[in-house]
Amino acid sequence: MPQRNMDPQRCPMPSQPPEVRSKNFSEVALGYTAEMAVAEARRCLSCKNRPCVSGCPVGIDIPAFVAKIAAEDFEGAYQVLAASSSLPAVCGRVCPQENQCEGRCVRGIKGESVGIGRLERFAADWHRQHVSASPVLPAKNSHKVAIIGAGPSGLTAAGDLAKRGYQVTVFEALHLAGGVLVYGIPEFRLPKAIVQQEIDGLKALGVEIRTNMVIGKVLTIDELLDEYGYAAVYIASGAGLPRFMNIPGESLKGVYSANEYLTRVNLMKAYQPGSATPIQKSHSVAVVGGGNVAMDAARSAKRLGAETVYIVYRRGMNELPARKEEVEHAQEEGVVFRLLANPVRVLGNENGCVTGLECVEMELGEPDQSGRRRPVEKAGSNFVLEVDTMIMSIGTSPNPLLRTTTPGLKADRRGCIVTDGAAGRTSREGVFAGGDAVTGAATVILAMGAGKEAAAAIDAYIQGKSK
């Protein structure tokens, strides 16, 4: 058994210096070396009750894969990961481990938790760089399953169902598979080549991905079930419809939703010279919101050349919903946080272009239904930020297309599809749903967890009908 490493601090992650990375779109974190990974893995205490596993939405056997790295069996570590996760290289980069597996790590009581996410990334990257063998194809059964949406939830369900022998077709509305992994998360956090390699792995399992297929327009769910012979349909279409504040001036030139801004940058490569999808070259930018998407938009704006970028958030630093690491990276890169502030009006000139953002100062009052202290406006505290671009990042909701073209498919007042528990059964026979289409905007790993639950439920449904 390898000797344990009792260092209370985790091995630091090598990364680009802030003054360098804020001017390029290359990945910020550079990844562990083999020596770093082994040393970090040996900090694991191999707890009998395995609290880290209970914090993982996809149920990865974390002590087992960490132990493999500690023993320098890197491919063995990857195989443990692959047994539960279809996207380990993605999860190792973007999952909020500090609130999940690492948040329950015993080592975190008297020091820093084991860097589980960093080790997951290391094992997945090692496999990608050193192993080229094709996966063993499972024996096929006679059933077809359609999945709507090639984001993290749909891809996870596709992988799990393919491993069970189903003929899986994923229908994706955009021209590239990946969902939020390709249009939402910037290259400097999640390189698109990593996502594509994970998708190629699913294709090698026999998953068919059909892009430019807007289900609800090109085909309906009823047609998939009745005319095309799919035994079940899984709706994993996400929540891509942006929300705005409905304040004066939101229609001015230079106002973006974070979805549009990041899609132009990430999927359409608007930052490249000669791109067919242009994006405004900004001098000063205000990003409204405090989540990971807001941090992504702010950090992207910096890389696109904006001299000043503000995060405008109506609560304080302790209430920011973004990952601590993302906040710290944004601060290091020069993003200015204007906290306890809320926009009330977008200012513009005679040409209809943004010239400023009028805000009002806030203070925290009593807790609201979410348990967070409710922000209260301070009378007469209005001030103006001189900006030429405003990016709204206050949440998204599901597109209404599927629910309006599928008779009998129930949705709640937010437009989210209603399901019966974690298995994802909807009000329509043979139709399942999960991820952001059900919960509203959430995390990649929660969407993946929903995909796993749905895959198991679909398998049980189809096998139960065929008996």
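Just so you know, these numbers come straight off a predicted model, no measurement behind them. (Residues numbered from 1 in each chain as written. Predicted model: local features only at pLDDT ≥ 70, side-chain atom pairs only at ≥ 80, totals over all residues. Heavy atoms only, no water.)

Caption draft 1: Broad picture of the pattern of salt bridges. All told, the structure shown has 27 salt bridges when counted by the stated rule. Notably, a salt bridge pairs aspartate 222 with arginine 428, separated by 2.6 Å at the nearest N-O pair. One end of the pair, aspartate 222, is in helix α11 (residues 221-226); the other, arginine 428, is in the loop between α15 (401-405) and β16 (431-433), and 206 residues separate them in sequence. Put simply, Arg21, Arg189, Asp296, Arg299, Arg303, Glu326, Glu332 and Glu333 are held in one network by salt bridges that share partners. (Salt bridge = Lys/Arg side-chain N within 4 Å of Asp/Glu carboxyl O. Helix = DSSP H or I, 4+ residues; strand = E, 2+ residues; numbered from the N terminus.)

Caption draft 2: Up close: the sheet that holds strand β4 (residues 232-235). Judged by pairing direction, the sheet is parallel, and its five strands sit side by side in the order β3-β2-β1-β4-β16 without closing on themselves. Edge strands, defined here as strands with exactly one partner in the open sheet, are β3 (208-210) and β16. For this sheet the average axis-to-axis angle between neighbouring strands, irrespective of direction, equals 20°. Two strands pair when backbone bridges link them, and strand β1 (residues 144-148) and strand β2 (residues 167-171) are joined in this way by five bridges, in the parallel orientation. For valine 145, the partnering residue across the bridge sits in β2 and is valine 168. (Pairing = 2+ DSSP bridges. Axes fitted to C-alpha atoms, helices over the stretch in contact; angles between N-to-C directions.)

Caption draft 3: The arrangement of helix α7 (residues 116-130) in detail. When the terminal C-alpha atoms of α7 are compared, their 21 Å separation across 15 residues agrees well with the 21 Å that a helix rising 1.5 Å per residue should span. Burial of α7 is extensive: eleven of the 15 residues sit out of reach of the surface. Of all the positions in α7, only Ile116, Gly117, Arg118, Leu119, Glu120, Arg121, Phe122, Ala123, Ala124, Asp125 and His127 are classed as buried. (Expected span 1.5 Å × (residues − 1). Buried < 20%, exposed > 50% of the residue type's maximum accessible area, 1.4 Å probe, protein only.)

Caption draft 4: Region of the structure containing the side chain of serine 381. Positionally, serine 381 belongs in the loop between β12 (373-377) and β13 (383-385). On the accessibility criterion, serine 381 (11% relative accessible area) is buried. Within polar-contact distance, the side chain of serine 381 engages the backbone nitrogen of glutamate 361 at 3.0 Å. Residues within four places of serine 381 in sequence aside, it is in contact with Cys359, Val360 and Glu361. (Polar contact = N/O pair within 3.5 Å; in protein donor to acceptor, adjacent residues only side chain to side chain. Contact = heavy atoms within 4.5 Å.)

Caption draft 5: Molecular detail of the packing of helix α13 (residues 292-303) against helix α14 (residues 324-332). As a packed pair, α13 and α14 sit with axes 10 Å apart at the nearest point and diverge in direction by 25°. Taken together, the axis directions place α13 and α14 in an arrangement best described as roughly parallel. Of the two possible hands of crossing, α13 and α14 adopt the one that is left-handed. Contact with α13, carried on its side by Asn292, Met295 and Arg299, involves Glu326, Val327, His329 and Ala330 of α14 and no other residues of that element. In terms of residue class, the contact of α13 with α14 is made up of three nonpolar, two polar and two charged. (Parallel < 35°, antiparallel > 145°, perpendicular 65-115°, else oblique. Left-handed = near helix turned anticlockwise from the far one by under 90°. Nonpolar A, V, L, I, M, F, W, Y, C, P; charged D, E, K, R; others polar.)

Caption draft 6: Structural detail: helix α10 (residues 192-204). The end-to-end C-alpha distance of α10, which contains 13 residues, comes to 18 Å, matching closely the 18 Å that a straight helix rising 1.5 Å per residue would cover. All of the buried residues in α10 are Lys192, Ile194, Val195, Glu198, Ile199 and Leu202. Angular distribution of buried residues about the axis of α10 spans 165°; they occupy a single face of the element. Where α10 is buried, its residues contact α6 (88-94), α7, α8 (152-163), α9 (180-183), β3 and α12 (258-266). (Arc of directions from axis to C-beta.)

Caption draft 7: Structural detail: the environment of valine 438. Mapped onto the fold, valine 438 is located in helix α16 (residues 436-439). Distance in space between the C-alpha atoms of valine 438 and alanine 124 is 29 Å, their sequence separation being 314 residues. Dropping the residues within four chain positions of it, valine 438 is found in contact with Arg414, Cys416, Ile417, Thr419 and Ala433.

Caption draft 8: Summary view of the sheet that holds strand β8 (residues 308-313). Reading across from one edge, β6-β14-β7-β8-β9 is the order of the five strands in this open sheet, with parallel pairing throughout. Lying at the two open borders of the sheet, with one neighbouring strand each, are β6 (255-257) and β9 (336-339). Each strand axis lies, on average, 20° off the axis of its neighbour in the sheet, ignoring direction. Both strand β7 (residues 284-288) and strand β14 (residues 389-392) contribute to a ladder of four bridges, which runs parallel. Bridge pairing in β14 links alanine 286 to methionine 390. Of the strands in this sheet, β6 and β14 touch α12, which is tilted by about 85° from β6. Sitting on the sheet, α13 touches β7, β8, β9 and β14, and the angle it makes with β8 is about 165°.

Caption draft 9: Here's a closer look at unusual backbone geometry. Notably, serine 46 is not glycine yet its phi reads approximately 50°, a positive angle. Note that serine 46 resides in the loop between α2 (34-41) and α3 (51-54). Here the phi dihedral of arginine 50 falls at roughly 50°; this positive angle occurs in a residue that is not glycine. Position of arginine 50 relative to the elements: it lies in the loop between α2 and α3. For arginine 50, a relative accessible area of 32% corresponds to the partly exposed category.

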